[in-house]
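Take a look at the letters that make up each chain.
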Amino acid sequence: MITLWHFLGVGATLFALGLVGFLTRRNLITMFLCAELMLQGVVINLLAFGRFHGTLSGQAMGLFVITVAACEAGLAMALFLMLYRRGKTLDSGDWQQVRETGVPAATDAVPLPLPPADDEPKLPVPGLRPEQVAAPFPESSRA
Amino acid sequence: MSLDINNPILQLILATMLGGLGVFFLLPRPRGRWVAGGVALVLCGMGTLAAFLITRFGQPLAASDAANIDWVGSGLFWLFAAGAIVFGMVLVTQRNPARGAIAFAFVILSTCGLFLLLAAPFLMAATIIIYAGAIIVTFLFVLMLSNVRTASDENDRSREPLLGALAGFAFLGLVLFTLHSSEADSTGPEALLTSIERVRLTEAVSKLDAGEADEANNLVNDVLVNRVDGKPTVAQRLASHDADPRVAAFLAQTIELRKSNDKVFNAQNAADKSKAAAALRPELIVYLGNGHLPARNVANLGTVLYSEYLLAVEMAGTLLLVATVGAVAIAGRRNPAKEVPA
């Protein structure tokens, strides 16, 4: 005999995880994947209820949810492409000029860590015969 | 409330708090990310969630008596559930969106395992096929558009990690509390057919396939109208819970089918016999498709989709078409900057 409640618990957890990701993450692609995660939680719920009642209506509804998810994926990718062409970024925070009026702009207080600086290239001394130089290309050099 | 460790409410609160704190520590940000602690907290929260589910609802896929626990099914359930949640956590907290896409692929595989446990093999296959394409396209977009080499605003910052984690896990706590306070004693509606009746109806289907329509009809009459093994017939069993409108509708439908089919069979007309045999098949499908799943999943799902949900199927097709047109219209413009009037 199947128990409904465990599957409902897993579906609710997946939905909550997707909700957290959708609310907090700023990469548009990650946000899209988190929305899909929420839909997966919903489909698990539908199938669990269908199994519990012994009907196929839950599976039919699950198919429709997957259809809507496919439409969402296509439109989302097209929109991301458009936004990237305009702003050269996937950051949802860069589009906050379309926010509601009266809402203050979100600012990032903590600066991002700087990338580690590359060492300056060390060139070999010109004009010397090769055998006079012990190591013409030091290993730390990328040239 | 005493601080008993077996108290499901305490376990519920502990699970949501540990999980929320863990996700808060794991969410990417320039300063203050604590990966080891976050992972430990999340794993503790998942363990507590499992403890809550077992304390409150017992083992998954368990029989009513403790001797008949389905260990394989339970093990598979825990494996797939843990896989889905762990990889979902990785997707939410991973800085690199390409790794997030890979984690999402594993989430899909895990949920497809859960679909199989829920007797939905067709939906499992469809999900894998559709999402394999979706994930590959997402992956290509990540490679094309995203810069993961250096720290960037979109990957290394989160918007309000504390409030976001609080909102999501408060929601989870409320849903789990609703589950906890629901009446979880019932193990589901009674199966429509007993196993003996199911076997005899399957026999009737094979007789129908062999062209012996009369024997098939007699078998169906035996099962559905006459008493089998001294037990109440299906109609009598259904009548005991016809307060449920769906059961009542199903009962009316099947009784109507039985009457009309039996009348045609008694007419003893050879020309009508083949028509009657054709009419008997949907009746058998109605019975065999209900109750225990998976019962001929693909065939019955097709029957349901193209009879009960025909309009919805058409709408879904239209929606796909409109979405395709919209996606082409949105992404098809070559250079939007040139189209803005100067």
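What counts, and where the lines are drawn
- Residues numbered from 1 in each chain as written.
- Chains lettered and ligands numbered in written order.
- Predicted model: local features only at pLDDT ≥ 70, side-chain atom pairs only at ≥ 80, totals over all residues.
- Helix = DSSP H or I, 4+ residues; strand = E, 2+ residues; numbered from the N terminus.
- Buried ≥ 20, exposed ≤ 12 C-beta atoms within 10 Å, placed from the backbone.
- Contact = placed C-beta atoms within 7 Å.
- Nonpolar A, V, L, I, M, F, W, Y, C, P; charged D, E, K, R; others polar.
- Core = buried A, V, L, I, M, F, W, Y, C linked by C-beta atoms within 7 Å.
- Axes fitted to C-alpha atoms, helices over the stretch in contact; angles between N-to-C directions.
- Parallel < 35°, antiparallel > 145°, perpendicular 65-115°, else oblique.
- pLDDT = per-residue confidence, 0-100.
- Expected span 1.5 Å × (residues − 1).

Student: Help me understand the overall build of chain A, please; the structure alone is not making it clear to me.
Tutor: Counting its regular elements, chain A contains three helices and zero strands. Moving toward the C terminus, one meets the helices and strands of chain A in the order α-α-α. The buried share of chain A, taken over its 143 residues, is 42%. A separation threshold of at least 6 residues defines the contact pool for chain A, and within that pool the share at least 24 residues apart is 42%.

Student: Explain the overall build of chain B here, please?
Tutor: Secondary structure assignment for chain B yields 15 helices and zero strands. Here chain B, with 342 residues, has 30% of them falling under the buried criterion. Intrachain contacts of chain B at a sequence separation of at least 6 include 57% that bridge at least 24 residues.

Student: Quick question: what am I supposed to make of the interface of chain A and chain B here?
Tutor: Quoted interface sizes are often the accessible area lost when the parts come together. Chain A puts 72 residues into the contact, and the matching count from chain B is 89 residues. Broken down by element, the residue count for the side of chain A that touches chain B peaks at 23 residues, all from helix H3 (residues 57-87) of chain A. The residue inventory of the side of chain A that touches chain B, partitioned by class, reads 45 nonpolar, 19 polar and eight charged.

Student: Would you explain the environment of Asn-221 of chain B in this entry?
Tutor: All names here are of chain B. With respect to the element layout, Asn-221 can be found in helix H9 (residues 213-224). Here Asn-221 falls in the partly exposed class, since 15 other C-beta atoms lie within 10 Å of it. Counting along the chain gives 20 residues from Asn-221 to Leu-201, while the straight-line C-alpha distance between them is 10.0 Å.

Student: For this particular structure, what's the right way to read the nonpolar core?
Tutor: It is characteristic of soluble globular proteins that their nonpolar side chains tend to be buried jointly. Grouped together as the largest cluster of nonpolar side chains are 81 residues, with contacts concentrated most on Leu-47 of chain A together with Ala-84, Leu-91, Leu-114 and Leu-118 of chain B. Looking at which element gives the most residues to this core, the answer is helix H2 (residues 28-53) of chain A, with 13 residues. Setting aside anything within four residues of it in sequence, one finds Leu-114 of chain B in contact with Phe-7, Val-10 and Ile-44 of chain A together with Phe-80, Ala-81 and Ala-84 of chain B.

Student: Explain the packing of H2 of chain A against H3 of chain A to me, please; I cannot follow it from the model alone.
Tutor: To characterise two packed helices, one gives the angle between the axes of the helices and the distance between these axes. All names here are of chain A. The interhelical angle for the contact between H2 and H3, taken along N-to-C directions, is 175°, at an axis separation of 8 Å. With respect to their mutual orientation, H2 and H3 come out roughly antiparallel. Here H2 contributes Leu-28, Ile-29, Phe-32, Glu-36, Leu-39, Val-42, Val-43, Leu-46, Leu-47, Phe-49, Gly-50 and Arg-51 to the contact with H3, which in turn contributes Ser-57, Gly-58, Gln-59, Met-61, Gly-62, Val-65, Ala-69, Ala-76 and Phe-80. Class assignment for the residues of the contact of H2 with H3 results in 14 nonpolar, five polar and two charged.

Student: I keep staring at the confidence of the model for chain A and nothing clicks. Help me out?
Tutor: A low pLDDT score tells you not to read the predicted coordinates there in detail. Considering every residue of chain A, the mean pLDDT works out to 85; 89% of them sit at 70 or more. Mean pLDDT values for the elements of chain A range from 91 in H3 of chain A up to 94 in helix H1 (residues 4-24) of chain A.

Student: Can you help me understand helix H2 (residues 35-57) of chain B in this one?
Tutor: For an α-helix, 3.6 residues make a turn, and residues three or four places apart therefore share a direction. End to end, H2 of chain B covers 32 Å across 23 residues, agreeing with the expected 33 Å (1.5 Å per residue, within 8%). Three or more residues of H2 of chain B are buried, namely Leu-41, Val-42, Gly-45, Met-46, Thr-48, Leu-49, Phe-52, Leu-53 and Phe-57 of chain B. In the core, the buried residues of H2 of chain B are packed alongside H1 of chain A together with helix H1 (8-26) and helix H3 (71-93) of chain B. Looking one or two residues past H2 of chain B, Gly-58 of chain B carries a phi angle of roughly 80°, positive in sign.

Student: Teacher, can you tell me more about helix H5 (residues 121-145) of chain B here?
Tutor: Helix length check: H5 of chain B, at 25 residues, gives a terminal C-alpha distance of 36 Å against a target of 36 Å (1.5 Å per residue), a fit within 8%. Buried within H5 of chain B are the following residues: Leu-123, Met-124, Thr-127, Tyr-131, Ala-134, Thr-138, Phe-141 and Val-142 of chain B. Turning to H5 of chain B, the residues buried within the fold contact H2 and H3 of chain A together with helix H4 (97-117) of chain B.

Student: Please clarify how unusual backbone geometry should be interpreted in this entry.
Tutor: Excluding glycine, residues mostly have negative phi values, and the peptide bonds linking residues are mostly trans. The residue Ala-119 of chain B is not glycine, and still its phi comes out positive at about 60°. Tracing the chain through its elements places Ala-119 of chain B in the loop between H4 and H5.

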